[in-house]
Each structure stands twice: as structure tokens, then as C-alpha cells.
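The chain contents come next:
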Amino acid sequence: MTVTNDQGRAPGDPEFSELPLDVEISTEEGRKLVSLLKDDRPHARKLLEVRNLSTHFATREGVVHAVDEVSFELDYGETLGLVGESGCGKSVTALSLTRLVPSPPGEIVAGEIIFDGIDILKLTGNEMRLLRGKKIGFIFQDPMTSLNPTLTIGYQIAESARLHLGLSRRAALDRAAELLSKVGIPKAKDRLADYPHQFSGGMRQRVMIAIALACDPMLLLADEPTTALDVTIQAQILELIRSLSDEFGTAVILITHDLGIAAGMCNRINVMYAGRIVETGRVDDIFESPRMPYAWGLLDSLPRLDEEKGARLRTIEGLPPDLINPGPECRFSPRCHYARDVCRASEPELSPRAEEDHLARCFGTEPGGWIQ
Amino acid sequence: MLGYIIRRVLWIIPVLFFVSVITFVLMRATPSGPFDSFGGGRIAAPGVVAALESKYGLNDPPQIQYVRWVGNLLVGDLGPSYKYRDRTVNDIVGQGIGATVHLGIMAFLLAVLIGIPLGVIAALRHNGVPDYLATFVSMIGIATPSFVLSILLLVFFSVTLGWFPSQSARWWDNPATWVLPTVALAGFPIAQIARYTRASMLEVTRKDYVRTAQSKGLRERTIVSVHMVRNSLIPVVTILGPILAFLITGSFIVETIFGVPGIGRYYIVSIGQRDYGVIMAMTMLFAVAIAVLNLVVDVLYAYIDPRIRYS
Amino acid sequence: MANQTRTLEAPAAAAPRRSASLWGDAFRRLLKNRLAVLGGVIVLGLIFVAIFGPMLAPYEYQSQDLAAVVAAGGPVDPFVGPHFFGTDNLGRDLLSRLMDGARISMTVALVVQTVVLLIGVPVGAAAAWFGGRLDTLLMRITDIVYAFPDLLFIILLSVALRETAVGKAMDGLFVVFVAIGLTAWVGMARLVRGQLLSLKEAEFVEAAKAVGVSDFKIILRHLLPNASGPMIVAITLGIPGAILAEATLAFIGIGANEPRASWGKLVAEGQTYIRAEPHLAIIPALVVAIALISFTFLGDGLRDALDPKLKGKQ
């Protein structure tokens, strides 16, 4: 079954150009997807519903449970923060959402990911390509290595527009110039023929943003977009992401280990630890009244201006657990000052706290628990 | 990039100077003069030898001879042959160079047209059957010298199976005779190119920009051809220099075994005949050719890598 | 596509880490590489033959069994009768001559690599250690030597010297050793220089200096041992080149004089009989190929085994 592109053009039409039109649609879900692609309206209750997602990696030392039964939702146009320390599974979660987990060692072993009403785990690899770049954009962490050094940036930005929107080369380059100036690169038209090495780090990240937004996706996944950049540039890039997503109504999942960034950008936050979500809620709730010891530790460890000089930085003692064969206990319990026997015996569920949409995974802070 | 090219061109001069000096010194250091034997064991009378030596200016001081020789080389005069006194080296080279260049180009094309796809496929099917096969074949190709390969090909395909002639009167005019020498000469280059291409592709597979390309929803075919192969070929260009040099020196053996009427074979013959004029001149010819080819490869490399071209 | 939970299988049972020394570790890894082991066994065999050749060979390599030649009406065929690989047209036993060739090739390997070590290592170390103008000078020299096509130089040198006394030394092999060695040291110099340049910034060097250890000792006892891995690999992988160069020279008539039986010479002689008695060319050719491939497999295996990036894996 062939698909016509967004302008209703099919192969043979002179305005037509290369699309993933040779994608064979062989699943039920794939057919649903194709009809969805015809317009930009929301088609479901929520943009993203993730249920019990588990992604594991097979290594020599055993199977690493990088992401373990993670569930969350994302509204159309919402900005969600995925916060946690290195190795907690936030990047793998994002990669899983667009099925880019490197597939020899890694694999999504369980769960559902419903994107705009489509269960994307039921799509074939090929069908998934219809979404990537078109409805889901990705900004990677390191702008220095994420761009192809032998292709002009004009080409790299135009690539997905040509592919997914059926634009001719000319039209796609015009769009690329538009995007480039929207992300704040001066003299955009002239710079289309330049190569990545002719741009600074901050500018390359802007290019990445342009690439991610080229087809006006519904979801933008930003994996630590500013970690590799200078502090002064960080703010600019974040502001850019915010303004563009506001302008186009794009939902954003922002992955970061920096709480300050999350606080400034997000509507809601998921705090992750050891492959699990341990707290989730609106940004104000999380920051004003976190209900999980790990979250306290995180917030507490932020250096503050009003501290006495020379005071030691507060850290959370210990190290994150080994994710191979995690035990039944609460994964944070080894490091938790408030842990009790029940914590070491079994793992708590995410349950609501004061606000209905503020959930935490901790026995101690549950209503009736021992931490107040 | 222009600066780079200029520097590379200038660098050739001391290199060739050095080569010419060494060549000259070594040949002049040979105790027996070129006229000490006329082949067949005949020895010339001293008067004749002296006359010949003075005719060719062999009695002048070495420095003068050197300068004269280099001067001649620079205007393209490769000098006389001491054995065939009615022909100059230029004549001899003119006769044979066609076959040698022809053979070299064919072997080069074969090497590139087989080596690169072989390396790409081996990398894409990493640890699969094609990979092990290609790697194994490469290793054998690299370790097996061209004269072994030539002999084996000759024996199997020519002597035993009779598919290709091993010698014939009008040798190079018959295309059937081109096959075996080309394959023999291309053996090592195919293996080297395949190996480097594979290693380079494997590295490229791990690069972040490949992941970015995937995140755009591009077809695998596009990702491989547009994003990966381009980048992986750039390092491969660096070995083209040594490969071209190999094609030149390898021609000595292959031409000799298969009797190809080229200058490589003639070089070997002149070594056996102690025709020092020819030896010196042809050594310089080959050295210049190799130096120029290396330069071309370096420039090509600078050109295809945008990071160097636009800097 | 997962909507039911599946479990991934771990590829191997999680093994406790064994503590290992660099060499022990490397050796174990090497043994797992079957091609390398095969190569190593063959190499050992060649060395054995090279050392004990004259005692093992069924015939003396230059002796002629004319009776057999007359009986066979020419070179004797292989695999029939006492001459295992047959003989050439002069009745010389091919197997024995191959063994003499092995002797020559192994000697070439040994001598050339010794030259490479004796020249290449000090030059590279000096360039790295002293840096500055000495480094630039030495590097320019190596650039020039590098640019001179190896084979041409070796041919020239051998041709030039073959009539001299030097040329006749050791059955004509001395010149070959020297010529090949003079072109081969450059690679080792570059390697050593590269290795030492990165090593010399390490802290243990500063510590040694602070204690007052002399420069020479630092290089010798501290730096070079750390570079020994790549050096060993380079030496092993350089041997095929040396053997090949010698064989090529012998093939075109330079190098080993009569009656020594360099493999290259055997191939050249065999080529004239290629129609009637192909074994005279094929067998030596195959022997050369096997020897080269063995050293290459061994060298590649050593390189993989000593690769620090693989340390701790497997």
C-alpha cells in the first residue's frame, strides 16, 4: 500500500520528491499511523502514554535493567522534565520513546508506548521511520559530534523536510534557511553552504534544534541539550527551546541532571533513580514540597548563595545501585537516612501525596508513614 | 588549503634531491664499470673501454657527472643505455610505459571497485559470515606477496586450466592476457583497501551523527550511503598513496612473471644486465612517479575533507 | 515489539574478575585467538627448522642426486620416492633447499629486526625525549627515508654493492640484511617516538626525575618497557615485510648467491619449469605464503591481545 505525501502527491507527480513512501505498511497499527499523518490535530487524550516501559541491556556481566517499569503521561504542548543523576535511565527512556536504543545490547522488553493514540511498539522498524523526524524530533547532547562533518548544514537540516514533507530540494533549502534564522543564526541563507566545523558549539546546538524542528514535530526530546555548552550559552539555548516550543505548540521532554534548568523550563517533572520514576508532579509541587528522600537530597545538594563560606557541599552518600538483578527492596534504601526494614524488604509503589497529581515512591512519606 | 598544497609541493624537492644523490652515489660506487663486460663474457680491449668512457663523460669528476645527469633529467633526457647503444633510455621507456601504466590503472580500478564494497559489506554485517570471510581473505591477500599470487594464478589458470595464455607473440594487444597480471597485481591492494574500509566503517557506525541521521527517520540505505560511506572513505584515501607506490614497484615482479612488455620488467632486466644508465634513470623515474602520486593523493585528501578544505 | 514481558538472556554467566598481570592477561587472550595460535605454531616450526635445519634435512641442500634425475628424465616429481618434494633439474632435493631457505628467511628476520631495534629505538627515543631541534631534525630525516620507495632503495643498494667484498659477505646476504634494515628502522623510530611522547608526560616520570634518576635510566627502565607492547607487535608484523623483501630480491637475482637456496630464488628457478614441473614453483611459493601469513596472524593476534582497550574484557 503506498502513501501519498502531505500535499496529496504520489509518485509520478512532478512535484513529488523522495519520501519514505516505499515503507511497507504491514501492521494494523501502521495503518492507523498512516491516517494520522495526514493532519496535525491531536488524535488522542494525551500525546504520550507510557506504561510499564522496561528497557534492558545484555552485557557480559549480566542483564542491566536500565529502565524498569516506567510509566508516565505527557500532554500535547506540555514540557516535562526527566531529572536524575547519570545512569538513572533518563537517556535510555528517551531513546526508547523513539526506539533508537542500540539494538545489539539493548532491547525494549516490556511495556506500551502510546504516541498520539498509536502503540509504537507494535510498529515495524520501517513504519517507525514515519514518525521519527516528522512527529518526534530529537536533540542530542553533544553538538560537536552529532552533526555529520562532511555534509553542509543546509543539507542536514533540509534532509528530513525533503523526506517527510515531500519538499523539492529548492523548497527544502528555503525552509532550512527559515529554520536557521528562527534558531538565531544570523545571515542564515549564506550559512546554508557551510560545514559544521565552521560553527561554534552553541551555534551547532542551534542547528541541531533546527534539524529537530524541521518538520514541526509534536514531540521534542531534548537529551541534556546544554550540558556540553558554556554556561553563558546554556541559558540562550534553553530560552530558544522554550520559545520555539511555545510558538509551535510542541511538547518537550527535557532530560537533565540540573535541577535549576528543570525548574526554569518545565511544567511537570519526573524524578528518576536507578531506572525507576521515584517522584512525579508539577514543578512547583516538587520544588516546594518534595516527598521523597532522594528528591530532598537532590535539592539539598544544590549550592546556595546564602550559605556560609567554606561550608562543605552536601552530598548524598553512597553510589547508585548496580542495575544488574536489582533486588526487591527500595532502590534508594541503601543511601537513605530514613530507611526502615519495610524499605529493605519491598519496593514502594508510586502513590499520591497532598496533590492528586503529585506521586512519590516512598513508604516513609505515604500518609501514615514515619516521615513528615 | 592552498598553503597546504604549496608546502607539499615544495617538500618534494628535497626528497627527490636526496633520492637522486643516493641513486647516483650508489651506482657510481659500483666497482665494475658499465663497459667491463659486453655480455657473453667478452671483455673489451682497454683502448675501446677508455674511448667509450670518455665519450660518455665517465672520466669527469663525480660532481660534474652528477650535475650533468640531473640537468639532463630535468629536461627529460633520461640518458643513454650502455648496453644498447643505439637506443636511449627515453626510447626504451617510451616503448614500455604504455603497458605498465595500462596494467597499473586496471589493477587500481579493480582494487577500488572490489576492495571498497567488500570493506563496506564486511562492516555492515559485522561479525557475520561476510565479515569473517572478507577479513580472512584480506589477511591472506596482505600476507601473500604478489609473486606468490602470480605464480599460483599462472599455474592454476594458465598452465592447468588453460583459460589464459601465459605468453604470446603480440602480448599486450590480446585482452585475454590482461586478466591474470591485473588480478595478481591487485591482490594486495584489494586486501588493504578492504581492511581499511572495514575498519573505518566500523568506527563510523559508532559515531553520534549516525544516530542523528537515524533520528530523522531516514532509510537505512540513505544513512549508509550518504552519511556513513562518505565519512569512512576519507581515511581510506590516506592509504592510496602507498597503494599506488605498490602498484609501481609491484609491477616489476608481475611484469616479469607474466612477461608483460612494460618498463617494470625492463627495469629488472637492466639490473641483471648491469646497464647502469638505465638503472639510474629508471630509478629516478619511478621515484618521481611515486612522489607525484603521493602528492596527488595528499591533495585529494585535503580536498574531500571539508574540515581541511575550508580552514 | 513487546507488549508482554520478556527476559533477556545474559550472554554468559557473570564471572568474577580475575586479577591479572598485563602479560598473563595478554597471553591468555592470545591463546584464545585460534588464528594467532596457528600462526605461532608455524612460526615456532620455522624457527626450529632454521636452527636445526642442516641436521634435519634429508639431504644437503647443495648436493645433487644425478642418478635420480637421469632416471626420471629431468626434475624428479614430488611425493614419489625418497625426495619428498622432488628435485630440481640438477638433482637438488627441494625439501632440503626449502629448509635452507627457511634458514635464510629466519636469519633475515632476526638480523633486520635487530637493526631496526638498534637504530630505530634510540632514534625514536632521543627524538621524543629531547624534543626541540633534535626532534625536528630526526623527523625530517625519517620523512626523507620514508619517502624513498623501499624496494627501489634496497634494489639499488644491493646492486651497487654486489660486486664488492661487502657484497660477497655471507653468501651475499649481508648486503640484503643491511639494505632492508636501513629502510625498516624508520617505522620503529616513529612508533617509539609516538609512544614515548605520550608516556613522558606521565607522573611516574616526574617522580623518577624528582628522585634523581638519570635520563638514560628513565628511558630504559621506565619508558621503554611501557612501550614494549606496541614494539613487539611492530617487530612481529615487520618480519613478513623483511622476508618478502629478501624473497623479492632473490627472485630478481639479487642477494643469496649460489648455491644457497633462498625461497625467492627457488620460485624464480621454478618458474622456468612452470609448464612441465609446476611443483618447483608452487611449493616454494606456498611456503613463502604460509610463512608470511603465519607471522601476520601472530602479529595481529598479539596486537589484539595487548590492546589496552580490551583489558579486563573477555
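Calculation notes
Residues numbered from 1 in each chain as written. Chains lettered and ligands numbered in written order. Predicted model: local features only at pLDDT ≥ 70, side-chain atom pairs only at ≥ 80, totals over all residues. Heavy atoms only, no water. Helix = DSSP H or I, 4+ residues; strand = E, 2+ residues; numbered from the N terminus. Rg over C-alpha atoms; globule rule 2.2 N^0.38 Å. Contact = heavy atoms within 4.5 Å. Areas by Shrake-Rupley, 256 points an atom, 1.4 Å probe, with all protein chains shown as cover. Lys, Arg positive; Asp, Glu negative; His and termini not counted. Charge placed at Lys NZ, Arg CZ, Asp CG, Glu CD. Phe/Tyr/Trp six-rings, centres within 6.5 Å; stacked < 30°, edge-to-face > 60°. Buried < 20%, exposed > 50% of the residue type's maximum accessible area, 1.4 Å probe, protein only. Buried area = accessible area lost by both parts, 1.4 Å probe. Salt bridge = Lys/Arg side-chain N within 4 Å of Asp/Glu carboxyl O. Polar contact = N/O pair within 3.5 Å; in protein donor to acceptor, adjacent residues only side chain to side chain. Nonpolar A, V, L, I, M, F, W, Y, C, P; charged D, E, K, R; others polar. Core = buried A, V, L, I, M, F, W, Y, C linked by side-chain atoms within 4.5 Å. pLDDT = per-residue confidence, 0-100. Expected span 1.5 Å × (residues − 1). Bend = angle between axes of the 7 residues up to and from the residue.

So, the overall build of chain A
Point 1. The number of helices and strands found in chain A is twelve helices and twelve strands.
Point 2. The C-alpha radius of gyration computed for chain A amounts to 22 Å, which stays within 12% of the reference 21 Å derived for 372 residues, consistent with globular compactness.
Point 3. The contacts in chain A between residues at least 6 apart in sequence include a share of 67% that link residues at least 24 apart.
Point 4. Entry remark: accessible area of chain A is about 15,900 Å², with carbon and sulfur atoms responsible for 50%.
Point 5. If the 41 positive side-chain charges of chain A are averaged to one point and the 55 negative ones to another, these points end up 3 Å apart.

Quick look at the packing of aromatic side chains
Point 1. In the structure shown here, the tally under the stated rule is 15 aromatic pairs over all chains.
Point 2. Residues W296 of chain A and Y338 of chain A carry aromatic rings whose centres are separated by 5.5 Å and whose planes lie at 70 degrees to one another, so their mutual orientation is edge-to-face. Note that W296 of chain A is positioned in helix α11 (residues 293–300) and Y338 of chain A in the loop between α11 and α12 (341–345), a separation of 42 residues in sequence.
Point 3. Where Y66 of chain B meets W69 of chain B, the ring centres are 6.4 Å apart and the plane angle is 55 degrees; that geometry is what we call tilted. Of this pair, Y66 of chain B and W69 of chain B both sit in helix α3 (residues 62–74), separated by three residues, roughly a single helical turn. Each member of the pair, Y66 of chain B as well as W69 of chain B, carries the same accessibility label: buried.

Quick word on the interface of chain A and chain B
Point 1. Each side of the interface is counted separately: chain A has 31 residues, and chain B has 19 residues.
Point 2. When chain A packs against chain B, the two sides together hide about 2,300 Å² of surface, and 55% of this comes from carbon and sulfur.
Point 3. Here K216 of chain B makes a salt bridge to E159 of chain A, at a shortest N to O gap of 2.8 Å.
Point 4. Our count for the contact surface shared by chain A and chain B stands at 14 residue pairs in polar contact (both at pLDDT 80 or more).
Point 5. At the level of elements, β6 (136–139), α4 (153–165) and α7 (201–213) of chain A are the ones that each hand at least two residues to the side of chain A that touches chain B.
Point 6. With six residues, the top contributor of residues to the side of chain A that touches chain B is α4 of chain A.
Point 7. For the side of chain A that touches chain B, the residue count by class is 15 nonpolar, ten polar and six charged.

Notes on the interface of chain B and chain C
Interface size is commonly expressed as the accessible surface area that is lost when the partners come together.
Point 1. Contact residues are listed per partner, giving 42 residues for chain B and 42 residues for chain C.
Point 2. On inspection of chain B and its partner chain C, the count reaches one salt bridge.
Point 3. Here D300 of chain C and R195 of chain B are joined by a salt bridge, their closest N and O atoms 3.2 Å apart.
Point 4. The interface formed by chain B and chain C includes two residue pairs in polar contact (both at pLDDT 80 or more).
Point 5. When its residues are assigned to classes, the side of chain B that touches chain C shows 31 nonpolar, nine polar and two charged.

What about the nonpolar core?
Point 1. If you look at the biggest cluster of nonpolar residues, it comprises 159 residues, and the most contacted ones within it are Y267 of chain B together with I155, L196 and W263 of chain C.
Point 2. Residues within four places of Y267 of chain B in sequence aside, it is in contact with F252, I279, M282, T283 and F286 of chain B together with L152 and I155 of chain C.
Point 3. If you look at the next biggest cluster of nonpolar residues, it comprises 112 residues, including F115, L167, M265 and I316 of chain A.

Here's the deal with the confidence of the model for chain A
Residue and element names in this part refer to chain A.
Point 1. The pLDDT averaged across chain A works out to 86; a share of 94% of its residues lies at or above 70.
Point 2. When pLDDT is averaged over each helix and strand of chain A, the minimum, 82, is found for helix α1 (residues 28–36) and the maximum, 95, for strand β7 (residues 219–223).
Point 3. A low-confidence stretch, residues 1–6 stays under pLDDT 50, and its non-local contacts, those more than four residues away or across chains, total 17 contacts.
Point 4. In this model residues 10–19 is a low-confidence stretch, pLDDT under 50, and it forms 24 contacts with partners more than four residues away in sequence or in other chains.

Remarks on helix α4 (residues 89–124) of chain B
Point 1. The end-to-end C-alpha distance of α4 of chain B is 50 Å, a good match for the 52 Å that 36 residues give at a rise of 1.5 Å each.
Point 2. Along α4 of chain B, the helix axis deviates most sharply at G96 of chain B, where the bend reaches about 40 degrees.

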